[in-house]
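So the chains spell out like this:
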Amino acid sequence: MDTKRPLSDYTRAELEERIRRLNAEARGYRLKAADWKRQALFWETYAKRLENNDGARGTA
């Protein structure tokens, strides 16, 4: 999409295609963000579990 061209110069089909592409891109970013959030939660839980188990290690 040419940034110098006013939106009124585009056909409806061109604009709809652009919107479809941007929505698909945004959906991809939302999926990545959700995945990163899941990973962060996993590592936070893992770190807490390690902290809680440190005292019990090597005492047997």
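See the structure printed just above.
Keep in mind that what you see is a predicted model, and the values were worked out from it rather than measured.

Caption draft 1: Here's a closer look at the packing of aromatic side chains. One pass over the structure, following the stated rule, counts three aromatic pairs. Arranged with centres 6.0 Å apart and planes meeting at 15 degrees, the rings of Phe42 and Tyr46 form a pair that is stacked. Pair noted here: Phe42 and Tyr46 are both in helix H1 (residues 12-53), with a separation of four residues, about one helical turn. Residue classification places Tyr46 among the partly exposed residues on the basis of a relative accessible area of 36%. Their ring planes at 90 degrees and their centres at 5.4 Å tell us that Trp43 and Tyr46 sit as a pair that is edge-to-face. Highlighted residues: Trp43 and Tyr46, both in helix H1, separated by three residues, approximately one helical turn. Assessed through its relative accessible area of 52%, Trp43 is described here as exposed. Within the aromatic cluster, the residues linked to one another by ring pairs are Phe42, Trp43 and Tyr46. Its guanidinium or amino end placed over the ring of Tyr10, Arg5 lies 3.9 Å from that ring's centre, counting from NZ or CZ.

Rules used in this analysis
Residues numbered from 1 in each chain as written. Predicted model: local features only at pLDDT ≥ 70, side-chain atom pairs only at ≥ 80, totals over all residues. Heavy atoms only, no water. Phe/Tyr/Trp six-rings, centres within 6.5 Å; stacked < 30°, edge-to-face > 60°. Helix = DSSP H or I, 4+ residues; strand = E, 2+ residues; numbered from the N terminus. Buried < 20%, exposed > 50% of the residue type's maximum accessible area, 1.4 Å probe, protein only. Lys NZ or Arg CZ within 6 Å of the ring centre and 35° of its normal.

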